[in-house]
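Each chain, written out:
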Amino acid sequence: MRSALGLLLLGCLSACSGQAPSETSLSNRQHSNWQPLAQVRFESDGETPWVRLPTSTEGVALRVTAEPGVCFELSGAESQAGEVLAQRFAGQECSDCAARTSVAAEAGVFILPEAAQVRFGVVDCETLNPRGIAAGGLDVDMQPLAEPASRELPLRLYLASDSELTSDTDRERMLAAVDAELVGSGLTSRVTGVERLTAPGAPLRFHAGDASELALLLAEAPQHEREIRVVIAGCLEYADPLFGPPVALDGYTPRVLGGAGAADGVFLPDVDCTSSRPLSLTPEARGRVLAHELGHYLGLFHTDPASDDADNLMHPKPALATAHGLTPTQVEVLLRHPVLR
């Protein structure tokens, strides 16, 4: 749930350093499901050459990393039969694309059940419009899609040092509310740990091309490939560099489909941005917002408020939705995500 305006916001991610990998990073890679696929460069028109994908009946997931400060999109995807699944567009998402993904800032995960080849294009980090410039290279890693190895969502909670969400009972009630929203998917949440952040819950400002404050907050929070980081801290303000004053958000996921590097995770506030006082929310209300944001992390966009099945968890304003849960099509999307492999 992004705001009263129903914004679908994207964040800034960590980048490859351009340096030789350390022994530690090589060791981590050896124990990862991700395997190197290609290294490509953005050409003078702002797009990469086509990247051929392994032939698979199930499809593949890609983890794509750009150089620091580079935002990019999936600018083209074609099926084995030559069908166009995605093409270059202006804006944050292509709602008409069969391969629907959001803009990535420096890194992102892309899930492609049908594609035979893909390419990527540079976008402006502030406007999210395509840019026709050479902008360095991309590292593309892949893993095949397969049946989920687990139906548990592994969540590691990170709480600000002054957070009031200290009660085990309150956390259990929050996660029970998450499971109630996901009941039709067969997924259940599992807490792998609860960590205290050293930094207090100060106001956090970010926008689609810059989530550096979120990344800084998580600097002390190790990233584990098979966990989703859930951060409950501070107040969340989307500060659009082009339009209007900052907007307070009820929840935020830096990128639909995750893979957001140093800022990768799901963020919930615990402070009211206006009063600077702790939020007065029941654990059940927090759980509904958390389930909504987990839906974004696992690949779900907002539903169309005019459609017949819009009145569920992924409604742009879920607090106004009277229905709960997800549609079978939405569940199918969730179960593709690499965090379940």
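Here is a short report on the structure shown in this document. (Residues numbered from 1 in each chain as written. Predicted model: local features only at pLDDT ≥ 70, side-chain atom pairs only at ≥ 80, totals over all residues. Heavy atoms only, no water.)

## Re the side chain of serine 32
Looking at where serine 32 falls in the secondary structure, it is placed in the loop between α1 (23-30) and β1 (35-41). Taking relative accessible area as the criterion, serine 32 reaches 8% and is therefore assigned buried. From its side chain, serine 32 meets the backbone nitrogen of tryptophan 34 in a polar contact 2.9 Å long. (Helix = DSSP H or I, 4+ residues; strand = E, 2+ residues; numbered from the N terminus. Buried < 20%, exposed > 50% of the residue type's maximum accessible area, 1.4 Å probe, protein only. Polar contact = N/O pair within 3.5 Å; in protein donor to acceptor, adjacent residues only side chain to side chain.)

## A few points about the side chain of threonine 48
Mapped onto the fold, threonine 48 is located in the loop between β1 and β2 (51-52). In this structure threonine 48 touches Val40, Arg41, Phe42, Arg119, Phe120 and Leu138, once residues within four positions along its chain are discounted. (Contact = heavy atoms within 4.5 Å.)

## Digging into the sheet that holds strand β14 (residues 236-238)
As a general point, the strands of a sheet are linked pairwise by backbone hydrogen bonds and lie either parallel or antiparallel. Strand order across the open sheet formed by three strands is β12-β14-β15, with mixed pairing between neighbours. Whereas interior strands pair on both sides, the edge strands pair on one side only; in this sheet they are β12 (204-206) and β15 (247-248). (Pairing = 2+ DSSP bridges.)

## Observations regarding unusual backbone geometry
The bulk of non-glycine residues show a negative phi, and the bulk of peptide bonds are trans. With phi around 80°, glutamate 106 is a residue other than glycine that occupies positive phi space. Summarising the element assignment, glutamate 106 is placed in the loop between β6 (104-105) and β7 (107-112). For glutamate 106, a relative accessible area of 11% translates into the label buried. With phi around 65°, leucine 128 is a residue other than glycine that occupies positive phi space.

## Comments concerning the environment of tyrosine 252
Along the chain, tyrosine 252 falls in the loop between β15 and β16 (266-268). In this structure tyrosine 252 comes out as buried when scored by relative accessible area, which is 0%. In this structure, the C-alpha to C-alpha distance between tyrosine 252 and leucine 294, residues 42 residues apart in sequence, is 9.6 Å.

## Topic: helix α4 (residues 283-297)
For α4, spanning 15 residues, the distance from its first C-alpha to its last is 20 Å, which sits close to the expected 21 Å at 1.5 Å a residue. With 13 of 15 residues buried, α4 is to be regarded as a mostly interior element. Glycine 299 sits one or two residues past α4 and shows a positive phi near 120°. (Expected span 1.5 Å × (residues − 1).)

## Thoughts on the sheet that holds strand β9 (residues 137-144)
The strand order across the open sheet formed by four strands is β1-β9-β3-β7, and the pairing between neighbours is antiparallel. Taken across any chain shown, the strands that pair with only one partner, and hence form the sheet edges, are β1 and β7. Neighbour-to-neighbour, the strand axes of the sheet open up by a mean angle of 25°, direction not taken into account. Note: strand β3 (residues 60-65) against β7, six bridges, orientation antiparallel. Each bridged residue has a counterpart across the sheet, and for arginine 63 the counterpart in β7 is valine 109. (Axes fitted to C-alpha atoms, helices over the stretch in contact; angles between N-to-C directions.)

## A look at the layout of surface pockets
One number sums up the size of the second largest pocket: a volume of about 660 Å³. Forming the boundary of the second largest pocket are 26 residues, of which Ala98, Arg100, Gly299, Phe301 and Val333 lie nearest the centre. Among the elements of the structure, β7 and α5 (328-334) are those that each provide at least two residues to the lining of the second largest pocket. In terms of residue count, the dominant contributor to the lining of the second largest pocket is α5 (four residues). Residue composition of the lining of the second largest pocket, grouped by class: twelve nonpolar, eight polar and six charged. (1 Å grid on protein atoms, 1.4 Å probe; cavity = no way out; pocket = protein on both sides within 12 Å on 5 of 7 lines; lining within 4 Å. Points joined across faces, edges and corners; volume = space filled by probe spheres on them. Nonpolar A, V, L, I, M, F, W, Y, C, P; charged D, E, K, R; others polar.)

## Remarks on the state of the cysteines
Following the criterion strictly, the structure yields two disulfides and no others. Between the sulfur of cysteine 71 and that of cysteine 125 lies a disulfide, 2.1 Å long from S to S. Judged by the sign of its S-S torsion, about 110°, the bond between cysteine 71 and cysteine 125 is right-handed. Of this pair, cysteine 71 sits in strand β4 (residues 71-79) while cysteine 125 is found in the loop between β8 (115-123) and β9, placing the two residues 54 residues apart along the sequence. Of the two residues, cysteine 71 and cysteine 125, neither departs from the other in class, the shared state being buried. (Disulfide = S-S within 2.5 Å.)

These values are about where atoms sit, not about what they do.
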